[in-house]
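Tertiary structure, described
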Amino acid sequence: MTRLLAESEPVVRLTPQARILAAVLAIAFMLLILDLIRRDKLLERYSIVWFLLGIGMLLGAIFPVALEWLAKAMGVRDVTIALFSVTLLILLALSLNFSVIASRQSKQITRLAQQSAIDGVEEQTEEVEGRDR
Amino acid sequence: MKKLVFIPARNEENSIEAVISDAREHVPGADIMVVDDGSTDRTAALARRAGALVASLPFNQGVGAAHQTAYIFALRHGYEICGQLDGDGQHPASEVARLIEEVEKGADLAVGSRFAGNVNPDIPEYRSTFARRIGQRMFSLLVSTSTRQTFTDTTSGMRALNEKAMHLFADRYSSEFAEVESLQQAVRAGLVVKEVPVHMLAREHGRSFIGPLTSAYYIFKTLIVLLIGQLRPRQVEE
């Protein structure tokens, strides 16, 4: 029993340097997002998820207990591995989400192009009819 | 019967006028429309001068989107039959006229096939490169398997179709592998699809080189597209 408990305790934790670095990066990241929104390079709609990610990063750096709890819940003894896996999963989900958005937009662009082409033909036939009259 | 013959064309300034006059001669009474898929040359201007209607896509959208543009237009303007032929001069309009006849006789979609048999012994059979032929064989094997109907020329863009088929394709039409996937789509929707032996000409202008690697890639892509197509819900046309 004692051995099982000991094993479930994470053995590799984040060092203070890593935590400071992570906190600084998280803050810089959120500032970057703010700047992108301010300069109209990023729609608010797409920024929220990035903000959440930045906040998550910051929380992880400030409260390492949260990360250790996460590692324990995942059954991983190394906090850094837990962190990597979760980050990877989030990024995977996000990029899939963006592929879906890109597909939808490309379909919308096609429809728009087709509508504009058809409008052109209709103008042409009106011109011809006008001339005949 | 209100008929539309449309010609998808991308940078075909060398052949477009000849194709238009060919279509006018062999399909009398039909309106002729060129779907200009983002050409950067004088295709649209020449087509307009030749008296055809011109639908110009503002930028290149691929052959599927060009076909679909014509179907949407045809439905909106009450055309009952659409015939289509490529803008590069490979498709004789007299053959398209035969496809239109097939649709008048009751097919929902008639597809011209270069490989379904020699229609005119005086004209040599259509020739293409080895890699292309292998690719064609694979496509027709895959499409024939998935539709349980024999297709010998799955990439043929020489077709005629009625409103029922137009409705189906106006709703959803593959943008990348339009010709191949649309056959599966039509058969699955219960349309009467008929393959008609036709003869086509070798390309007059432009090039169409497909190497073995590209061919393999297309075969793989077709396989995926058809597998997904089998899993799609059936579109039902009454």
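Structural notes, computed from the coordinates. Note that the structure is a prediction, hence the values are computed from the model and not measured. (Residues numbered from 1 in each chain as written. Chains lettered and ligands numbered in written order. Predicted model: local features only at pLDDT ≥ 70, side-chain atom pairs only at ≥ 80, totals over all residues. Heavy atoms only, no water.)

1. Concerning the environment of Arg159(B)
Residues and elements named next belong to chain B. Defined as follows: The secondary structure listing takes helices from DSSP runs of H or I that are at least 4 residues long and strands from runs of E that are at least 2 residues long, numbered from the N terminus. Any pair of nitrogen or oxygen atoms within 3.5 Å is treated as a polar contact; in protein, a donor-acceptor pairing is required on top of that, and neighbouring residues in sequence qualify only through side-chain atoms on both sides.
Position of Arg159 among the secondary structure elements: in strand β6 (residues 159-162). Of the polar contacts made by the side chain of Arg159, one reaches the backbone oxygen of Glu179; its length is 3.1 Å. Within the structure, Arg159 has its side chain in polar contact with the side chain of Ser182 (distance 2.8 Å).

2. Things to note about the sheet that holds strand β3 (residues 53-57) of chain B
All names here are of chain B. The criterion, for reference: Each pair of strands is called paired provided DSSP finds at least two bridges between the two strands. Axis definition: a line fit to C-alpha positions, over the contact stretch in the case of helices; interaxial angles, taken between N-to-C directions, run 0 to 180 degrees. Two residues form a contact once any of their heavy atoms are found within 4.5 Å.
As summarised here, the arrangement of the 7 strands in space is β3-β2-β1-β4-β6-β5-β7, forming an open sheet in which the pairing is mixed. At either end of the open sheet lies a strand with only one pairing partner, and these are β3 and β7 (193-197). The sheet shows a mean angle of 20° between the axes of neighbouring strands, taken without regard to direction. Bridge count between strand β1 (residues 3-9) and strand β4 (residues 81-84): 4 bridges; the pairing is parallel. Bridge pairing in β4 links Phe6 to Gln84. Where helix α3 (residues 63-76) meets the sheet, it contacts β1, β2 (31-37), β3, β4 and β6, and its direction lies at approximately 160° from that of β1.

3. Topic: the packing of helix α5 (residues 130-147) of chain B against helix α7 (residues 178-188) of chain B
Residue and element names in this part refer to chain B. What counts is decided by this rule: Just so you know how the angles are binned, under 35 degrees is roughly parallel, over 145 roughly antiparallel, 65 to 115 roughly perpendicular, and the rest oblique. Left-handed describes a crossing whose near helix is turned anticlockwise from the far helix by less than a right angle; the clockwise case is right-handed. Gly counts as polar in this scheme, as do all residues outside two lists: the nonpolar Ala, Val, Leu, Ile, Met, Phe, Trp, Tyr, Cys and Pro, and the charged Asp, Glu, Lys and Arg.
Where α5 contacts α7, the axes come no closer than 10 Å and their chain directions differ by 15°. With respect to each other, α5 and α7 are oriented roughly parallel. The interaxial crossing formed by α5 with α7 has right-handed handedness. Where α5 approaches α7, its residues Val143, Ser146 and Thr147 are matched on the opposing element by Val180, Leu183, Gln184 and Val187. Here the residues of the contact of α5 with α7 sort into 4 nonpolar, 3 polar and no charged.

4. As for the packing of aromatic side chains
Put simply, the rule is: Pairing of aromatic side chains here covers Phe, Tyr and the six-membered ring of Trp, requires ring centres within 6.5 Å, and sorts the geometry by plane angle: under 30 degrees stacked, over 60 edge-to-face, intermediate tilted. Only protein chains enter the accessibility calculation, which uses a 1.4 Å probe; a residue whose area is less than 20% of its type maximum is buried, one above 50% is exposed, and one in between is partly exposed. Criterion for a charge above a ring: Lys NZ or Arg CZ within 6 Å of the ring centre, and within 35 degrees of the ring normal.
What the rule picks out here adds up to 11 aromatic pairs over all chains. Ring centres 6.4 Å apart and planes at 25° place the aromatic pair Trp50(A) and Phe98(A) in the stacked group. Pair noted here: Trp50(A) is in helix α3 (residues 44-62) and Phe98(A) is in helix α5 (residues 79-132), with a separation of 48 residues, a long-range link. Overall, Phe98(A) belongs to the partly exposed group, its relative accessible area being 30%. An aromatic cluster of at least three residues, connected via ring pairs, comprises Phe29(A), Tyr46(A), Trp50(A) and Phe98(A). Just above the ring of Phe177(B) sits the side chain of Lys221(B); from NZ or CZ to the centre is 5.4 Å.

5. Some details on the environment of Glu176(B)
Along the chain, Glu176(B) falls in the loop between α6 (163-171) and α7. A residue is classified by how much of its surface remains accessible, and Glu176(B), at 57% relative accessible area, is exposed.

6. Notes on a nonpolar patch on the surface
Residues and elements named next belong to chain A. Test applied: In this scheme, patches are assembled from residues that exceed 30% relative accessible area and form no salt bridge. Like charges are connected within 9 Å, while nonpolar side chains (Val, Leu, Ile, Met, Phe, Trp, Tyr) are connected within 5 Å. All accessible-area figures derive from a Shrake-Rupley calculation using a 1.4 Å probe, and residue coverage is judged against the displayed protein chains alone. Here, a salt bridge means any Lys or Arg side-chain nitrogen found within 4 Å of an Asp or Glu carboxyl oxygen.
Together, Ile48, Leu52, Ile55, Leu59, Ile62 and Phe63 give the surface a local cluster of nonpolar side chains, amounting to about 590 Å² of exposed area. In this structure, Ile62 sits in helix α3. Owing to a relative accessible area of 44%, Ile62 belongs among the partly exposed residues under this scheme.

7. Regarding the interface of chain B and chain A
Our working rule: Here the quantity called buried area is the accessible surface, traced with a 1.4 Å probe, that two parts lose on coming together, added over both.
Of the residues lining the interface, 20 residues belong to chain B; the matching set on chain A comes to 14 residues. For the chain B and chain A pair, buried surface summed over both sides reaches about 1,300 Å², with 59% attributable to carbon and sulfur atoms. At the boundary of chain B with chain A, the tally comes to 0 salt bridges. On inspection of chain B and its partner chain A, the count reaches 10 residue pairs in polar contact (both at pLDDT 80 or more).

8. Focus: the packing of helix α2 (residues 16-38) of chain A against α3(A)
All names here are of chain A. Remark: α2 packs on α3, axes separated minimally by 8 Å, with the N-to-C direction vectors making an angle of 165°. When the axis of α2 is compared with that of α3, the two are roughly antiparallel. The interaxial crossing formed by α2 with α3 has left-handed handedness. Together, Arg19, Ala22, Ala23, Leu25, Ala26, Ile27, Phe29, Met30, Ile33, Leu34 and Ile37 of α2 and Glu44, Ser47, Trp50, Phe51, Gly54, Ile55, Met57, Leu58, Ala61 and Ile62 of α3 make up the contact between the two elements. A per-class count over the contact of α2 with α3 returns 17 nonpolar, 2 polar and 2 charged.

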